[in-house]
Amino acid sequence: MEFNVADLSLAEYGRTEITLAEHEMPGLMAMRERYSGSAPLAGARIAGSLHMTVQTAVLIETLVDLGAEVRWASCNIFSTQDHAAAAVVVGRDGTPDAPAGVPVFAWKGESLAEYWDCAEKIMTWPEGRDANMILDDGGDATMLVHLGKEYEDQGVVPPPESTDNAELREVLKVLGRSLQEDPKKWTRIAEKIQGVTEETTTGVHRLYERSRDNTLLFTAINVNDSVTKSKFDNKYGCRHSLVDGINRATDVLIGGKVAVICGYGDVGKGCAESLRGQGARVIVTEIDPICALQAAMDGYQVARLDDVVGDADIIVTATGCKDVVTADHIAAMKHQAILGNIGHFDNEIDMAGLAETPGVERKQVKPQVDVWTYSDGKSVIVLSEGRLLNLGNATGHPSFVMSNSFTNQVLAQIEIFTKADSYPIGVHVLPKHLDEEVARLHLESLGVDLTELTKDQAHYLGIDVAGPYKSELYRY
Ligand code: NAI
């Protein structure tokens, strides 16, 4: 079996954690039980690009139990949990000497070149069998297929030196090589892909852009905008994992400190709440008047970063936007202030601008924690090189919240794979009854007793006793 992970001897530790996680992932375990025997994903070859964590291991093995063949890479160079990756490769019945699980190409601390090699490796099985489904987080796998086909149509890939974007350079290297070796590779894969299910806000933006430009090559389900994803994982997940990341990275006392959260969307709301919960005085920055007003009504000061950057002990970006914290902002931060990003891509903080500042020096404290010192002696602590810190410095969201997200992923994969005709090329969301079902699957283990409508009450509200309970316009 082909695979590339850090160390297979970590598999036993990984398997123990996966077993513990299964108990906390009732939605995924219900999927296994419901579909045991019927294998709705038999014939699906899923190329997965999503943080290779313990929780993702439970997702991968659920997809396998539903009949799919799966290959996996992480969607971030720092987010892989090596013990989880090892356990998935070894599998439930294998040993480190005779792995019998799923091909995983992911380890913590990949270079950008390695990252894009891994992204390519998940697309093709031995004997030339290509993926026919993508499960994506942030849209990198989807982008690779689209860009690959575009360049094949043009018959030429631009030289890597043509861009100063380090990430794009690596993509161009991969595509340039594949054009030489297999000139119709991405065209062939694009034709076979039945659809993609996309996990996160940033990946979903990229899909809607392609859909608007009529350049989307296959259909997509926007998993992020299931209510049981974005209103839970993005909010409650980040409420848990932001402080986890800051604590593991720095162990600084958060109480009494001034913290700035850039962006008050679902992620920003969870982040602000978690820092306030630790006793920080939280300031929010926003560009959207509605979210700014929400932050103000939730009791946060709302200000411009320019005006408060020098007061902050902690600054975290959560916008999905670029150039939010500039090199000038970093230069204006307090001595030993902490800077990190929890948004999907590393362009929220101008790390290149920081590196180019005359006289600045970088010293690694430990992996994913760097102190950047200016020539006057002032320093700033930067987490995960500006990449998402909850996965780089900690272990991402806990199992229970990821069970909600990943149950949506499984349902979305089944929908596209088994009901292709219902999902023409475009970006779709799961029907509301499935969203409600995901929530329902998670109630029992929290001891929630749901009130049932009477027929008369249901008639009065104009809805069915079994739901859906809200209109598409309801915002939760
Ligand atoms: P969202 O769209 O709900 O929120 C982003 C907010 O940032 C919006 O309210 C927007 O108005 C604001 N914003 C945009 N540009 C800004 C700027 N220049 N300054 C200040 N505010 C600005 O998106 P969501 O769901 O909160 O996701 C944010 C990012 O986090 C995305 O990149 C998403 O993919 C990522 N994400 C990361 C997770 C993690 O575990 N690290 C989990 C879920 C999402």
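Residues numbered from 1 in each chain as written. Predicted model: local features only at pLDDT ≥ 70, side-chain atom pairs only at ≥ 80, totals over all residues. Heavy atoms only, no water.

A. Focus on the layout of surface pockets. What the second largest pocket holds in volume is close to 1,300 Å³. Lining the second largest pocket are 44 residues; nearest its centre among them are Asn165, Glu167, Phe345, Asp346 and Asn347. Contributing elements (two or more residues each) for the lining of the second largest pocket: α5 (112-121), α6 (140-154), α7 (166-181), α9 (201-212) and α15 (351-356). Here the lining of the second largest pocket takes seven residues from α9, the largest share from any one element. (1 Å grid on protein atoms, 1.4 Å probe; cavity = no way out; pocket = protein on both sides within 12 Å on 5 of 7 lines; lining within 4 Å. Points joined across faces, edges and corners; volume = space filled by probe spheres on them. Helix = DSSP H or I, 4+ residues; strand = E, 2+ residues; numbered from the N terminus.)

B. How the structure looks around the site of the ligand. Not every one of the 26 residues close to the ligand is listed here, only the nearest: Thr200, Thr201, Thr202, Glu286 and Asn390. At 2.8 Å, a backbone N or O of Val267 approaches an oxygen atom of the ligand. Mapped by element, the contributors of at least two residues to the shell around the ligand are α9, α10 (227-250) and α11 (266-277). Looking at the shell around the ligand residue by residue, the classes come out as nine nonpolar, 13 polar and four charged. (Near = heavy atom within 4 Å. Polar contact = N/O pair within 3.5 Å; in protein donor to acceptor, adjacent residues only side chain to side chain. Nonpolar A, V, L, I, M, F, W, Y, C, P; charged D, E, K, R; others polar.)

C. Expanded view of the pattern of salt bridges. Under the definition given, this model contains 27 salt bridges. Where Asp65 meets Arg32, a salt bridge forms, and the shortest distance between an N and an O atom there is 3.8 Å. Placement of Asp65 in helix α3 (residues 54-65) and of Arg32 in helix α2 (residues 26-35) is noted, with a sequence separation of 33 residues between them. Of the residues examined, Asp65 reaches a relative accessible area of 33% and is grouped as partly exposed. Classification of Arg32 as buried rests on a relative accessible area of 11%. For Arg177, the salt bridge goes to Asp117, with nearest N and O atoms at 3.2 Å. Linking Arg177 in helix α7 with Asp117 in helix α5, this pair joins segments that are 60 residues apart in sequence. The class of Arg177 is partly exposed, set by a relative accessible area of 35%. Taking the relative accessible area as the measure of exposure, Asp117 reaches 26% and is therefore partly exposed. Among the charged side chains, a network of salt bridges with common partners joins Arg15, Glu22, Arg32, Glu61, Asp65 and Arg92. (Salt bridge = Lys/Arg side-chain N within 4 Å of Asp/Glu carboxyl O. Buried < 20%, exposed > 50% of the residue type's maximum accessible area, 1.4 Å probe, protein only.)

D. Inspection of the sheet that holds strand β16 (residues 379-383) at higher detail. One open sheet holds the eight strands; their spatial order is β11-β10-β9-β12-β13-β16-β15-β14, and the pairing between them is mixed. Two strands bound the open sheet, and with one partner strand each, they are β11 (301-302) and β14 (361-366). Two elements, strand β13 (residues 337-341) and β16, share three bridges in a ladder whose sense is parallel. By the bridge assignment, Ile338 is partnered in β16 with Ile381. Lying over the sheet, α11 contacts β9 (258-262) and β10 (281-285), oriented at roughly 175° with respect to β9. (Pairing = 2+ DSSP bridges. Contact = heavy atoms within 4.5 Å. Axes fitted to C-alpha atoms, helices over the stretch in contact; angles between N-to-C directions.)

E. Structural context of α11. The terminal C-alpha atoms of α11, which comprises twelve residues, lie 17 Å apart, in line with the 16 Å expected from a rise of 1.5 Å per residue. Most of α11 sits inside the fold, with nine of its twelve residues counted as buried. Regarding α11, the residues found buried are Asp266, Val267, Gly268, Lys269, Gly270, Cys271, Ala272, Ser274 and Leu275. The inward-facing, buried residues of α11 contact α10, β9, β10 and α12 (289-297). Among the residues trailing α11, Gly279 stands out with phi positive, at a value near 95°. (Expected span 1.5 Å × (residues − 1).)

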